[in-house]
Amino acid sequence: MSKLVSKWNYPTTVRFGQGRISELPDALAATGIKRPLFVTDPGLAKLPVVARTLKLLADAKVPHGVFSEVKPNPVESNLAAGIEVYKKGKHDGVIAFGGGSALDLGKLIAFQAGQTRPVWDFEDIGDWWTRADADAIAPIIAVPTTAGTGSEVGRAGVVTHEATHTKKVIFHPKMLPSIVIADPELTSGMPPFITAGTGMDALAHCLEAYCAPGYHPMADGIAVEGIRLVFENLPKAYADGKDLTARAHMMSAAAMGAAAFQKGLGAIHSLSHPVGALYDTHHGMTNAVFMPYVLAFNRDAVEDRIARLAAYVGIKGGFDGFAKAVLKLRKELKVPHALPGLIKGLDMDKKRKNLIADMAVVDPTAGGNPVKLTKKAALALLDKAIEGTV
Ligand SMILES: [Fe+2]
């Protein structure tokens, strides 16, 4: 029994359901935010969905500002610019509206605007988060418009250190949004490629969390149901973006993935992170490419677990059946089978492969892989993903 020791953190209030974006003014009142800064990305800012949401605020006579200068992977200067707008507008809270980048940046602005130390002092290392002035962190309302990252129920934000080109995870428990409005209608405009990529990211979160070692039955339970929801609904949402039932289940699966991965992630993410950083590929799509190779690599450690999972999801054939189902799902979503299908004209020399393997083994997710990810293993996985041999 001595090994049954763990730490559990569970998400926040989620107002889930079609049309619930109309409750935004009420959510602001419930959180005590009187002058929100609305943080979104430049693509979304031009779309009617943002205009409609801002009208809800105007109609409710909520004074607000808008900030949308964020790169797909938020950088330090985006954060600095956002904080300036936040302070100038005398805002007292943030509405983070969008996909991963807008949600992360919105959370980071609310966190960092009242701090006196540089943001890098709050990287997710040990207890560095205790250096922050918790009382100076502004409340956040998160409104996801994709179904993948799950950042809406997370307590961290990722920002790129521009000088070193490294992504840093900034963590504080109070970076968890006070209220999430999860309205599946907001995701119905996502094009198929993004639906597939973000959905496969949610699957990767659930699968890697489920396979990560450690005692965390709550995360495991959430992960298996999340995986079932993805298998049943992602092909439907991909084929028909207006299928709001499928969209709703995918929105749940995304939040479930993020709730589950407090247990850990693994080698899918460890390899995907450097490839994404060096080739600017879509995070979820890159995960989707690596998934079957990593699953095969981990086989000995997770065979029984995956057989149990397969039985629950309704997939016959234990581990092999599940591995086949992953390949079938990827095919349905037009996920490239190998890396050259994802990165046009890919020609990786030995030096580049070594760099990726070096980055993968020190990625914070590597420790969660059920089989130790050595440099040799990372190189072998990379070769398999390039050749397409599972
Ligand atoms: Fe991810």
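Residues numbered from 1 in each chain as written. Predicted model: local features only at pLDDT ≥ 70, side-chain atom pairs only at ≥ 80, totals over all residues. Heavy atoms only, no water.

Peer 1: Can you tell me about the pattern of salt bridges, naming the residues and giving the values?
Peer 2: Inspection of every chain in the model, using the stated rule, returns 16 salt bridges. Across the pair Arg-228 and Glu-225 runs a salt bridge, and its minimum N-O distance is 2.8 Å. Linking Arg-228 with Glu-225, this pair stays in helix α7 (residues 217-239), spanning 3 residues, or about one helical turn. Of the charged contacts in the structure, one is a salt bridge between Lys-375 and Asp-358, with a shortest N-O distance of 3.1 Å. Of this pair, Lys-375 sits in helix α15 (residues 375-387) while Asp-358 is found in helix α14 (residues 350-362), placing the two residues 17 residues apart along the sequence. A relative accessible area of 36% means that Asp-358 is categorised as partly exposed. Residues participating in the shared-partner salt-bridge network are Arg-15, Arg-20, Glu-23 and Asp-26. (Salt bridge = Lys/Arg side-chain N within 4 Å of Asp/Glu carboxyl O. Helix = DSSP H or I, 4+ residues; strand = E, 2+ residues; numbered from the N terminus. Buried < 20%, exposed > 50% of the residue type's maximum accessible area, 1.4 Å probe, protein only.)

Peer 1: Please give an account of the coordination of the iron ion that cites residues and values.
Peer 2: Taken together, Asp-201 (OD), His-205 (NE2), His-269 (NE2) and His-283 (NE2) make up the full set of protein donors to the iron ion, lying 2.2 Å away. One can describe the site at the iron ion as irregular: its 4 donor atoms subtend angles covering 84 to 168° at the metal. All donors of the iron ion come from a single chain, and their spacing in sequence reads D-x3-H-x63-H-x13-H. A residue pair is termed long-range when its members are at least 10 positions apart, and Asp-201 in helix α6 (residues 192-211) and His-269 in helix α9 (residues 267-279) qualify at 68 residues. Residue class for His-269 comes out buried when judged on its relative accessible area of 1%. (Donors = N, O, S within 2.8 Å, 3.2 Å for Na, K, Ca; no water. Tetrahedral: all angles 85-135°; square planar, octahedral: opposite > 155°, others 65-115°.)

Peer 1: With reference to specific residues and values, describe the domain arrangement of the protein.
Peer 2: For the protein, the domain assignment lists domain 1 (13-187) and domain 2 (192-387). One C-alpha centre belongs to domain 1, the other to domain 2; they are set 26 Å apart. Between domain 1 and domain 2, the contact holds 16 residues from the first and 17 residues from the second. Carbon and sulfur atoms supply 68% of the area that domain 1 and domain 2 bury against each other, a total of about 1300 Å² over both sides. Our count for the domain 1 to domain 2 interface comes out at 0 salt bridges. Here the residues of the side of domain 1 that touches domain 2 are counted per class, giving 6 nonpolar, 7 polar and 3 charged. (Domains from an automatic or database assignment. Contact = heavy atoms within 4.5 Å. Buried area = accessible area lost by both parts, 1.4 Å probe. Nonpolar A, V, L, I, M, F, W, Y, C, P; charged D, E, K, R; others polar.)

Peer 1: Describe the packing of α6 against helix α8 (residues 244-260), naming the residues involved and giving the relevant values.
Peer 2: Closest axis-to-axis distance for the α6/α8 pair is 8 Å, and the angle between their directions is 40°. By the angle class used here, α6 and α8 are oblique. With respect to the hand of their crossing, α6 and α8 are arranged in left-handed fashion. Together, Thr-195, Gly-199, Ala-202, His-205, Cys-206 and Ala-209 of α6 and Arg-247, Met-250, Ala-253, Ala-254, Met-256, Gly-257 and Ala-260 of α8 make up the contact between the two elements. (Axes fitted to C-alpha atoms, helices over the stretch in contact; angles between N-to-C directions. Parallel < 35°, antiparallel > 145°, perpendicular 65-115°, else oblique. Left-handed = near helix turned anticlockwise from the far one by under 90°.)

Peer 1: Mind laying out the packing of aromatic side chains, listing which residues take part and the relevant values?
Peer 2: All chains considered together, the criterion is met by 4 aromatic pairs. Look at Phe-111 and Phe-122: their rings are 5.1 Å apart centre to centre, the planes differ by 90°, and that puts the pair in the edge-to-face class. You can see Phe-111 sitting in helix α5 (residues 100-112) and its partner Phe-122 sitting in the loop between α5 and β5 (140-144), a full 11 residues away along the chain. Residue class for Phe-122 comes out buried when judged on its relative accessible area of 0%. Taking 5.6 Å as the distance between ring centres and 65° as the angle between the ring planes, the aromatic pair formed by Phe-231 and Phe-322 counts as edge-to-face. One end of the pair, Phe-231, is in helix α7; the other, Phe-322, is in helix α12 (residues 318-332), with 91 residues separating them in the sequence. Taken as a pair, Phe-231 and Phe-322 share a single burial class, namely buried. The ring of Trp-128 carries Arg-131 above its face, with NZ or CZ at 4.2 Å from the centroid. (Phe/Tyr/Trp six-rings, centres within 6.5 Å; stacked < 30°, edge-to-face > 60°. Lys NZ or Arg CZ within 6 Å of the ring centre and 35° of its normal.)

Peer 1: Describe helix α11 (residues 299-313), listing the residues and the values that go with them.
Peer 2: In a regular helix each residue adds 1.5 Å, so 15 residues correspond to 21 Å; α11 covers only 18 Å between its end C-alpha atoms and thus falls short of that length. Along α11, the sharpest kink reaches roughly 35°, centred on Arg-305. When we look at burial in α11, the residues that qualify are Val-302, Ile-306, Leu-309, Ala-310 and Val-313. Its buried side turned inward, α11 meets α6, α7, α10 (283-297) and α12. (Expected span 1.5 Å × (residues − 1). Bend = angle between axes of the 7 residues up to and from the residue.)

Peer 1: I'd like a description of the environment of Gly-157, backed by residues and values.
Peer 2: Note on placement: Gly-157 falls in strand β6 (residues 156-161). According to the relative accessible area criterion, Gly-157 is buried, its value standing at 0%. The spatial distance from the C-alpha of Gly-157 to the C-alpha of Asp-243 is 30 Å, given a sequence separation of 86 residues. Ignoring sequence-local partners within four residues, the contact set of Gly-157 consists of Asp-104, Leu-108, Lys-168, Val-169, Ile-170 and Met-175.

Peer 1: Got a sec to walk through the environment of Val-326? Specific residues and values, please.
Peer 2: Structurally, Val-326 can be placed in helix α12. Classification of Val-326 by relative accessible area gives buried; the value is 1%. Residues Val-326 and Phe-231, spaced 95 residues apart in sequence, show a C-alpha to C-alpha distance of 8.7 Å. Ignoring sequence-local partners within four residues, the contact set of Val-326 consists of Phe-231, Met-291 and Leu-295.

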